[in-house]
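Architecture and fold: a report
Below are the chains, spelled out letter by letter.
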2 protein chains.
Amino acid sequence: MRGGDAGGLRAFNERRVIDAVLRAGALSKAEVARATGLSGQSASVIVERLVEQGLLAKGDKVRGRGQPSTPVSVAGSGAFSLGVKIGRRSVEARLIDLTGETVAERATRLEAPLPGPVMEAATGQARELLEAMSPAHRARLCGVGLALPGEMDAWADELGAPKAALAGWRAVDPGAMLAAATGAEVSVFNDAAAACAAEMLTGEALEAGCALYVHVGAFIGAGVVLDGRLYRGARLNAGALGSMPLAGRVPGAKGRQLIHAASGVGLARRLRAAGIDVTRAMAGLGGAEADAQFADWLAGAAPALARAVVSAMAVIDFEAVAIDGVLPPAWRLRLLDATHEAVLRFDRTGLSPAELREGTIGGEARVLGAALLPLQARFSPEPDLLINRRRARAAAGPTALDPAPGFEAPSPHLDRWRS
Amino acid sequence: MRGGDAGGLRAFNERRVIDAVLRAGALSKAEVARATGLSGQSASVIVERLVEQGLLAKGDKVRGRGQPSTPVSVAGSGAFSLGVKIGRRSVEARLIDLTGETVAERATRLEAPLPGPVMEAATGQARELLEAMSPAHRARLCGVGLALPGEMDAWADELGAPKAALAGWRAVDPGAMLAAATGAEVSVFNDAAAACAAEMLTGEALEAGCALYVHVGAFIGAGVVLDGRLYRGARLNAGALGSMPLAGRVPGAKGRQLIHAASGVGLARRLRAAGIDVTRAMAGLGGAEADAQFADWLAGAAPALARAVVSAMAVIDFEAVAIDGVLPPAWRLRLLDATHEAVLRFDRTGLSPAELREGTIGGEARVLGAALLPLQARFSPEPDLLINRRRARAAAGPTALDPAPGFEAPSPHLDRWRS
DNA sequence: GATTAAATCAACCGATCTGATTTATTTGTT
DNA sequence: AACAAATAAATCAGATCGGTTGATTTAATC
């Protein structure tokens, strides 16, 4: 419930203040007042309280005309968040602080995406990271974000995995298991949506308020950003771009959905069939032979992806489309260019133009997004509102950040942390 | 801005109260308190103020156990809204009151969608309707909604209209002209989006919080509802379904976009070519020959529309898809069924299921939506939040103020297309 | 007469606002 | 170099507004 009574009003304005500070990087109390429209007095009271709570930190005085101002910025150790990413080929976990900096991380590669080993890895990593935190810091964990594919058991044949083994996922509730293992609140996101959030928040590709972020991982998916807010979908299944129907048969594809023409496993299958080391190739070290295989894959993938992008534009008038994923940067760029070229061959009458851009984060976007999203939910004035911190910080110039000693001020407002 | 200071808090809670009353049809003060979470005292004060403002009206006391309660419901004459719809074949205007009842309306058929005559008709109709209002009522006009196609000058060849004449639209700002003519605030919507809002608010087809509403008019477009909110798009161009790429050539279609395979003008062209009176046919009086032409059109239109629907589902996991438009009900139903059948032939792995339903309003949905949207913007706790009044009213049972125009039995098409 | 629940009354609280005041610095003048 | 004026942040004190709490009244049924 937003607003309602005095307490809700205060909570709302606190978020607006944090939001303003995050956007600007650092603001004096007077600037906070101007940025939020609050009176100077209220801004002062709220800032003071947030400093006491350890969420904001005062920097060195800045002298100008008149009384020097004391800038405040977000305190790194004011809050922490844990992100866990479950994929079909790996499990990762990452602990970040309020500024988005990585505190610690873990990663495990998988042979097959079977429920048992995967969940063991995920819960194990999460527990390890949490146990390494000081108690004071652990008390400031504001949530756990879990990013995973929409359906772990779909497209088993595409994976080359036994269908029966994957069916075990239907009986598993990864969110609940992670919650049980960590004792923290877990929010679940589609993996591509999480990656999308990371690109919005810390990447450079998406400045638009309305964007489609395509992520090529083992499969292919997308995140949808509308009015600066991540749209997760009524059933967390927005951006299921892999299910987009193809126009017809694509050579080498087993089915009639985008995933059969443009996915990481499809590319890997080709590489493996040609006797190429997939891991090396995906690290950009495959050489000419890998490039040739990639070009083959690209010839089918790019037009199919282009059709998907154009189709998506007919549903939502995205201002920007980013393409990212686990591909090595050189290949990612070629995919972007080829897709762009293919998009231009479509009749786009009636569609608003969109900018096609290369993602800037890559495969790690998913864990990072999983970690960032609980922070957003806790501190942004609107749930799902994505504010780019890096860009905002850069614009504001470097500031004195985070003195942040042991806080632990048992202020009455700290227990509003849960709400 | 939402919240902020005491005044904002009051405004927000007032909207919540109106929202609660609209949803329930009629509520006592105590029920308002329970529905909103406000204290009884606040609910009482707010309701009393809204009654004083003429937005709510007290009904007859209801006796039960304890002190009789006085139900309040929204007062029809508490606010008015004017909707104007500009189309390629007609211009319509409609004045409605706060309950959504039509007060007065106008309509003009057009020969060709040329800027001059169209805008003259639109501003003329609007002025007429406003001048017929009493001064007291006119003071309660809360806005003018304008629904029009995204690009009046696109697809000129499909219309059989001279391209040069249509290009005149680029120099025209219909919203500004209407604002100048009426002196009221004008909000502009895509025509399909407006129709979508009407279906959400007063229709029966869309109960889901997340839906796609396809409207077949002269061309074809769609409205997008996300989390109960109408999504207009960053450039008001969400749901540009007509631009969805086709899989290949469709017999009889001139181009490679959905609009070339499934549009009202395409159907009309066929009918005319067969020597059939289009107006009669569109009124459902075309006879067997018209039916045969329709079947031909349908054979190309339905699969193309099905592909568009499946593609849309891969972008947003719509829970429901409605198909509506200017077609006579029998044809609309056939379009729905044929589309449904075609959808089932697609591989839908990885997509969440959606319910495919028939729209319940038809061609007038666009004006109605244009009229309803300013009311929503003014009285709903969140902008763009769509609350179905009719359904809510029905659920609450008949109330003192409910004019209860015997609306039709529900049970529209209830097909689930899931494997 | 007891019970029930709506409606109301009166005192209080919390968050923000307004307007005046203080403070520390730069700028301009003598 | 010394001093006054200008500037703008920060703060203080009182007022306002909206919502809450808890007790009280009212009008019906059981």
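Per chain, residues are indexed from 1 in the order of the written sequence. Here every chain gets a letter starting at A, and every ligand a number starting at 1, in the order they are written. Residues qualify for local features only when their pLDDT is at least 70, as the model is predicted, and side-chain atom pairs are given and counted only at 80 or more; totals for whole chains, interfaces and linings, by contrast, use all residues. Values reported for side chains reflect all heavy atoms of the structure, with hydrogen atoms and water molecules removed beforehand.

1. Some details on the overall build of chain A
Put simply, the test is: Starting at the N terminus, helices and strands are each numbered in turn, a helix being any DSSP run of H or I of at least four residues and a strand any DSSP run of E of at least two. Working definition: with a 1.4 Å probe on protein chains only, accessible area under 20% of the residue-type maximum means buried, over 50% means exposed, and in between means partly exposed. Contacts were defined at the residue level, with two residues in contact if any of their heavy atoms lie within 4.5 Å. We score Asp and Glu as negative and Lys and Arg as positive, and we do not count His or the chain ends. Positions of charges follow a simple convention, taking NZ of Lys, CZ of Arg, CG of Asp or CD of Glu.
Secondary structure summary: chain A contains 16 helices and twelve strands in total. With respect to the principal axes defined by its C-alpha atoms, chain A has extents near 70 × 50 × 40 Å. Per-residue burial for chain A yields a buried fraction of 59% across its 419 residues. Considering only contacts in chain A between residues 6 or more positions apart, those separated by 24 or more positions represent 69%. Put simply, chain A has 47 plus and 44 minus side-chain charges, and the middle of one group is 2 Å from the middle of the other.

2. As for the protein's contact with DNA strand C
Spelled out, the test is: Put simply, a residue is near a molecule or strand once any heavy atom of it comes within 4 Å of that molecule or strand. For the purposes of these results, a polar contact is taken to be a pair of N or O atoms within 3.5 Å, where, inside protein, one atom must be able to donate a hydrogen and its partner to accept one; residues adjacent in sequence count only when each atom of the pair is a side-chain atom. Only Asp, Glu, Lys and Arg are considered charged, only Ala, Val, Leu, Ile, Met, Phe, Trp, Tyr, Cys and Pro nonpolar, and every remaining residue, Gly among them, polar.
What surrounds DNA strand C is a group of 29 residues, the closest being Gln-67 of chain A together with Lys-29, Gln-41, Gly-66 and Thr-70 of chain B. Sugar and phosphate atoms represent 73% of those atoms of DNA strand C found within 4 Å of the protein. Gly-66 of chain A has a polar backbone atom sitting 3.4 Å from a base oxygen of DNA strand C. Mapped by element, the contributors of at least two residues to the surface near DNA strand C are helix H1 (6-24) and helix H3 (40-52) of chain A together with helix H2 (29-36) and helix H3 (40-53) of chain B. Here the surface near DNA strand C is composed, by residue class, of six nonpolar, 16 polar and seven charged.

3. Details of the sheet that holds strand S4 (residues 90-97) of chain B
All names here are of chain B. Selection rule: Two strands make a pair as long as DSSP finds a minimum of two bridges between them. The axes are straight lines fitted to the C-alpha atoms, using for helices just the contacting stretch, and the angles between their N-to-C directions are given from 0 to 180°.
With respect to topology, five strands assemble into an open sheet ordered S5-S4-S3-S6-S7, the strand pairing being mixed. This sheet does not close on itself; its edge strands, each paired only once, are strand S5 (102-109) and strand S7 (186-190). Strand-to-strand, the axes of this sheet are offset by a mean angle of 15°, without reference to chain direction. Contacting strand S3 (80-86), S4, S5 and strand S6 (141-148), helix H4 (residues 115-131) crosses the sheet at an angle of about 20° to S4. The strands that helix H8 (residues 174-182) touches are S3, S6 and S7; relative to S6, the one it contacts most, it runs at about 145°.

4. So, the protein's contact with DNA strand D
If you check the shell around DNA strand D, you find 29 residues, and the closest are Lys-29 and Gln-41 of chain A together with Asn-13, Ser-42 and Gln-67 of chain B. When the atoms of DNA strand D within 4 Å of the protein are sorted by group, sugar and phosphate make up 72%. The separation between a phosphate oxygen of DNA strand D and a polar side-chain atom of Lys-29 of chain A is 2.7 Å. Contact distances for DNA strand D include 2.7 Å between a sugar or linking oxygen and a side-chain N or O atom of Gln-67 of chain B. Where the surface near DNA strand D is concerned, the elements lending two or more residues are helix H2 (29-36) and H3 of chain A together with helix H1 (6-24) and H3 of chain B.

5. Structural notes on the domain arrangement of chain A
The condition is simple: Where each domain begins and ends follows an automated or database-derived domain assignment.
One can read the domain layout of chain A as domain 1 (6-75 + 403-417), domain 2 (78-197 + 366-373) and domain 3 (205-359). Each of domain 1 of chain A and domain 3 of chain A was reduced to a C-alpha centroid, and the two centroids are 42 Å apart.

6. Observations regarding the interface of chain B and chain A
As a reminder, the rule being used: In short, buried area is how much 1.4 Å probe accessible area vanishes from two parts on joining, totalled over both.
Across the boundary between the two partners, chain B contributes 55 residues, which contact 54 residues of chain A. Across the interface of chain B and chain A, roughly 4,200 Å² is buried in total on both sides, 54% from carbon and sulfur atoms. Joining chain B to chain A, the criterion identifies 28 residue pairs in polar contact (both at pLDDT 80 or more). Examining the composition of the side of chain B that touches chain A, we find that six residues originate from one element, helix H13 (residues 287-315) of chain B, more than from any other.

7. Here we look at the relation of the copies chain B and chain A
Threshold: Overlaid copies result from least-squares superposition on C-alpha atoms, with residues included only where pLDDT is at least 70 in both.
Superposing chain B onto chain A takes a rotation of 180° combined with a translation of 0.0 Å along the rotation axis, leaving an RMSD of 0.1 Å. The superposition operator between the copies reduces to a two-fold rotation axis. Of the C-alpha atoms belonging to chain B, the one lying closest to the rotation axis is found on Ala-247 of chain B, 2.3 Å away. Same-surface contact between copies: 98% of interface residues of chain B are shared with the interface of chain A.

8. Here we look at the UniProt feature "domain: HTH marR-type" (unreviewed entry) in chain A
Filter applied, for reference: UniProt positions are given in the numbering used here, feature names are shortened, and annotations may be inferred rather than shown by experiment.
The positions UniProt marks with the feature "domain: HTH marR-type" (unreviewed entry) are residues 14-60 of chain A. Split by type, residues 14-60 of chain A is 68% helix and 6% strand. Its first and last C-alpha atoms lie 22 Å apart.

9. Quick notes on the pairing of strand S5 (residues 102-109) of chain A
Working note: regular strand, side chains alternate between the two faces of the sheet. All names here are of chain A. Pairing of strand S4 (residues 90-97) with S5, which is carried by seven bridges, proceeds in the antiparallel orientation. Paired with Ala-93 across the bridge in S5 is Arg-106. Hairpin connection between S4 and S5: a loop of four residues separates the two successive antiparallel strands, and Gly-100 in this loop has a positive phi of roughly 95°.

10. Brief notes about the confidence of the model for chain A
As a reminder of what qualifies: The quantity known as pLDDT measures the predictor's confidence residue by residue, on a range of 0 to 100.
Counting all residues, the mean pLDDT for chain A is 88, and 92% of those residues have values of 70 or more. Below pLDDT 50 for its whole length, residues 394-419 of chain A participates in 45 contacts with residues either more than four positions away or in separate chains.

11. Some points on the pattern of salt bridges
Stated formally: When a carboxyl oxygen of Asp or Glu lies within 4 Å of a side-chain nitrogen of Lys or Arg, that pair is called a salt bridge.
Under the definition given, this model contains 29 salt bridges over all chains. One salt bridge connects Asp-296 of chain B with Arg-270 of chain B, and the closest N-O pair in it is separated by 4.0 Å. One end of the pair, Asp-296 of chain B, is in helix H13; the other, Arg-270 of chain B, is in helix H11 (residues 264-273), and 26 residues separate them in sequence. Classification of Asp-296 of chain B as partly exposed rests on a relative accessible area of 46%. Relative accessible area serves as the criterion here: at 26%, Arg-270 of chain B is assigned to the partly exposed category. Put simply, Glu-355 of chain B and Arg-357 of chain B hold a salt bridge, and the shortest N to O gap is 3.6 Å. Its relative accessible area of 14% is what places Glu-355 of chain B among the buried residues. Via salt bridges that share partners, Lys-29, Glu-48 and Lys-58 of chain A belong to a single interconnected network.

12. So, the nonpolar core
What counts, and what does not: Definition of nonpolar core: a set of buried residues of the types Ala, Val, Leu, Ile, Met, Phe, Trp, Tyr and Cys, connected through side-chain atoms within 4.5 Å.
In this structure, Leu-258, Ile-316 and Phe-318 of chain A together with Leu-258, Ile-316 and Phe-318 of chain B are the most contacted members of the largest nonpolar core, which totals 178 residues. Residues contacting Leu-258 of chain B, with those up to four places away along its chain left out, are Ile-220, Leu-241, Gly-242, Met-244, Leu-246, Ala-304, Leu-305 and Ala-308 of chain B.

13. As for the sheet that holds strand S3 (residues 80-86) of chain A
Within a sheet, adjacent strands bond to each other through the backbone by hydrogen bonds, running parallel or antiparallel. Residue and element names in this part refer to chain A. Pairing is mixed across the open sheet formed by five strands, whose spatial order is S5-S4-S3-S6-S7. Each having just a single partner strand, S5 and strand S7 (186-190) make up the two edges of the open sheet. This sheet shows a mean twist of 15° between the axes of neighbouring strands, independent of strand direction. Of the pairings in the sheet, the one linking strand S6 (residues 141-148) to S7 comprises five bridges and is parallel in character.

14. Digging into the packing of H1 of chain A against H2 of chain A
All names here are of chain A. Note the cut-off: Orientation categories follow fixed angle ranges, with anything under 35 degrees roughly parallel, anything over 145 roughly antiparallel, 65 to 115 roughly perpendicular, and all other angles oblique.
Where H1 contacts H2, the axes come no closer than 10 Å and their chain directions differ by 110°. Considered as vectors, H1 and H2 are oriented roughly perpendicular to each other. Contact with H1, carried on its side by Arg-16, Val-17, Ala-20 and Val-21, involves Val-32, Ala-35 and Thr-36 of H2 and no other residues of that element. Grouping the constituent residues of the contact of H1 with H2 by class yields five nonpolar, one polar and one charged.

15. A look at the state of the cysteines
The following threshold applies: Note that a disulfide, as used here, is simply two cysteine sulfur atoms within 2.5 Å.
Across all of its chains, the model carries zero disulfides over all chains by this definition. As a non-bridged cysteine, Cys-210 of chain A has Cys-196 of chain A as the owner of its nearest cysteine sulfur, 11 Å distant.

16. Focus on unusual backbone geometry
What you tend to see is this: most non-glycine residues have negative phi, and most peptide bonds are trans. All names here are of chain B. One non-glycine residue, Asp-227, adopts positive backbone phi at about 55°. One can find Asp-227 in the loop between strand S9 (220-226) and strand S10 (229-231). Even without being glycine, Leu-236 reaches a positive phi, approximately 55°. Note that Leu-236 resides in the loop between S10 and helix H10 (258-261).

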